[in-house]
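Each chain, written out:
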Amino acid sequence: MTTIFYTASSLDGFIATSQHGLDWLLRRDVDPDGPMGYAAFARSVGALVMGAATYEWLLAHDAGWAYAQPTWVLTHRPLPARPGADVRVAHGDVRAVHEQMTAAAGDRDLWVVGGGDVARQFAVAGLLDEIWVQFAPVTLGAGIPFLPLALELALLQTARNREFLCGRYRVVGVPGTPDPVGAEDT
Ligand SMILES: NC(=O)c1ccc[n+]([C@@H]2O[C@H](COP(=O)([O-])OP(=O)(O)OC[C@H]3O[C@@H](n4cnc5c(N)ncnc54)[C@H](OP(=O)(O)O)[C@@H]3O)[C@@H](O)[C@H]2O)c1
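Residues numbered from 1 in each chain as written. Predicted model: local features only at pLDDT ≥ 70, side-chain atom pairs only at ≥ 80, totals over all residues. Heavy atoms only, no water.

You'll find the protein chain entered in an unreviewed UniProt entry as Dihydrofolate reductase family protein, with Microbacterium kribbense given as the organism.

### Concerning the overall build of the protein chain
Defined as follows: Only DSSP runs of H or I with at least four residues qualify as helices, and only runs of E with at least two residues qualify as strands; both kinds are numbered from the N terminus onward. Here the globule rule reads 2.2 Å times residues to the power 0.38, and the radius of gyration is calculated from C-alpha atoms. For each residue, the accessible area found with a 1.4 Å probe, counting protein chains only, is set against the maximum for its type, and the residue is called buried under 20%, exposed over 50%, and partly exposed in between. A contact between two residues is defined here by any heavy atoms of the two lying within 4.5 Å. Surface accessibility follows the Shrake-Rupley procedure with a 1.4 Å probe radius. Residue values consider only the protein chains on display as shielding. In this count, Lys and Arg are taken as positive residues and Asp and Glu as negative ones, while His and the chain termini are left out. Taken as the charge location is NZ of Lys, CZ of Arg, CG of Asp or CD of Glu.
The helix and strand tally for the protein chain stands at five helices and 10 strands. Its C-alpha atoms give the protein chain a radius of gyration of 16 Å, near enough to 16 Å, the size a compact globule of 186 residues would have. Within the protein chain, the proportion of its 186 residues that are buried is 48%. Considering only contacts in the protein chain between residues 6 or more positions apart, those separated by 24 or more positions represent 70%. Only carbon and sulfur atoms are counted for the fraction: they give 53% of the accessible area of the protein chain, which is about 9100 Å². Seen as two clouds, the 13 positive and the 20 negative side-chain charges of the protein chain have centres 5 Å apart.

### A look at the UniProt feature "domain: Bacterial bifunctional deaminase-reductase C-terminal" (unreviewed entry) in the protein chain
Note the threshold: UniProt positions are given in the numbering used here, feature names are shortened, and annotations may be inferred rather than shown by experiment.
When the UniProt feature table is mapped onto this chain numbering, "domain: Bacterial bifunctional deaminase-reductase C-terminal" (unreviewed entry) sits at residues 69–143. Secondary structure within residues 69–143 divides into 28% helix and 27% strand; the distance between the first and last C-alpha atoms comes to 29 Å.

### What to know about the pattern of salt bridges
This is how the line gets drawn: Here, a salt bridge means any side-chain nitrogen of Lys or Arg that lies within 4 Å of a carboxyl oxygen of Asp or Glu.
Tallied over the full model, the rule gives eight salt bridges. For the salt bridge of Glu 163 with Arg 28, the shortest nitrogen-to-oxygen distance reads 3.5 Å. In this pair, Glu 163 is assigned in the loop between strand 9 (152–161) and strand 10 (164–173) and Arg 28 in the loop between helix 1 (23–26) and helix 2 (38–43), connecting sequence segments 135 residues apart. On the accessibility criterion, Glu 163 (31% relative accessible area) is partly exposed. Linking Asp 29 and Arg 162 is a salt bridge whose minimum nitrogen-to-oxygen distance equals 3.3 Å.

### So, helix 3 (residues 52–61)
What helix 3 keeps buried is the set Ala 52, Tyr 55, Trp 57 and Leu 58. Packed against the buried residues of helix 3 are helix 1, strand 3 (45–51), strand 4 (71–74) and strand 5 (87–90).

### Remarks on the sheet that holds strand 6 (residues 109–114)
Selection rule: Two strands make a pair as long as DSSP finds a minimum of two bridges between them. Interaxial angle, 0 to 180 degrees, is taken between N-to-C directions of lines fitted to C-alpha atoms, where a helix line uses only the stretch in contact.
In space, the eight strands of this open sheet follow the order 5-4-3-6-1-7-10-9, with mixed pairing throughout. Each end of this open sheet is capped by a strand with a single partner; those strands are strand 5 and strand 9. Direction aside, neighbouring strands of the sheet carry axes that sit 25° apart on average. Sitting on the sheet, helix 4 (residues 94–105) touches strand 1 (3–9), strand 3, strand 4, strand 5 and strand 6, and the angle it makes with strand 3 is about 155°.

### Here we look at the site of the ligand
Here is the rule: For this purpose, a residue is taken to be near a molecule or strand whenever a single non-hydrogen atom of the residue falls within 4 Å of it. Polar contact criterion, stated in full: a pair of N or O atoms within 3.5 Å, where within protein one must be able to donate a hydrogen and the other to accept it, and residues adjacent in sequence count only if both atoms are side-chain atoms. Of the grid points, spaced at 1 Å and generated over the protein atoms alone, those admitting a 1.4 Å probe that cannot get out make up cavities, while open sets with protein on both sides within 12 Å along at least five of seven lines make up pockets; any residue with an atom within 4 Å of a point is treated as lining. Here the criterion for a molecule occupying a pocket or cavity is that more than half of its atoms lie within 2 Å of the pocket grid points. For this classification, the nonpolar set comprises Ala, Val, Leu, Ile, Met, Phe, Trp, Tyr, Cys and Pro, the charged set comprises Asp, Glu, Lys and Arg, and every other residue, Gly included, is treated as polar.
Around the ligand, 25 residues are found, and the nearest of them are His 20, Thr 54, Thr 75, His 76 and Arg 77. Measuring from an oxygen atom of the ligand, one finds a side-chain N or O atom of Thr 7 at 3.0 Å. Ile 15 is positioned such that a nitrogen or oxygen atom in its backbone is 2.9 Å from a nitrogen atom of the ligand. Relative to its unbound accessible surface of 930 Å², the ligand loses 83% to contact with the protein. When atom positions are compared with the pocket grids, the ligand is found to occupy the largest pocket. For the shell around the ligand, the elements supplying multiple residues, two or more each, are strand 1, strand 2 (14–16), helix 3, strand 6 and helix 5 (116–124). Among the elements that make up the shell around the ligand, the one with the highest residue count is helix 3 (four residues). Residue classes in the shell around the ligand are distributed as 12 nonpolar, 12 polar and one charged.

In structure tokens:
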């Protein structure tokens with residue numbers, strides 16, 4: 001079982017504009033069945049976790065719920081339910097969330113959907129194994145950061161998928177942080 005932050009990013013390291021815009025990403029050409037593509041990745045996943053803003057973006061923009069797997073949403077607030085979606089609300093230390101996701105996922109992987117700060121919380125807790133990133137051919141200049149944390153990574157795989165440069169990295173360590181590390185209760 002591998003815990004993976006799988007996301008797309010601008011070339012200058014933003015996953016959304018400051019106003020949560022994703023038009024710069026969604027208009028790009030990508031083959032979901034192509035190299036390092038979404039389709040095979042999604043089949044390998046047994047549970048997902050995302051922050052409240054990502055969940056709210058999906059509620060606002062998606063016609064349907066794309067995920068059959070149980071999905072944990074981190075929030076301090078009541079959020080609207082999504083009919084037909086297996087959504088479980090959680091808050092605080094991501095170690096407890098990771099335990100629940102692991103139990104639910106069986107032998108499949110865990111997907112940290114984002115945003116970047118959710119990935120940071122998993123990394124700081126010593127629970128993030130890999131990062132898969134698809135770089136779109138655009139810079140945004142500002143926005144919501146890909147991953148606001150210093151991390152040592154090892155490059156495992158690269159590919160081109162149409163307009164995207166794809167990389168797969170293993171998390172080697174959080175500089176200056178002992179292992180295992182304590183998660184922050186945000
Ligand atoms: N490029 C891509 O592929 C990609 C991938 C994922 C997301 N996105 C986009 O990137 C943006 C991400 O936005 P973001 O980084 O601001 O938000 P986010 O991570 O989706 O959500 C952040 C919010 O989640 C809640 N939260 C996070 N950790 C928590 C914890 N441990 N306990 C309780 N609540 C917790 C807090 O909300 P409350 O306190 O308000 O409840 C926090 O403000 C979204 O627009 C999303 O659509 C893009």
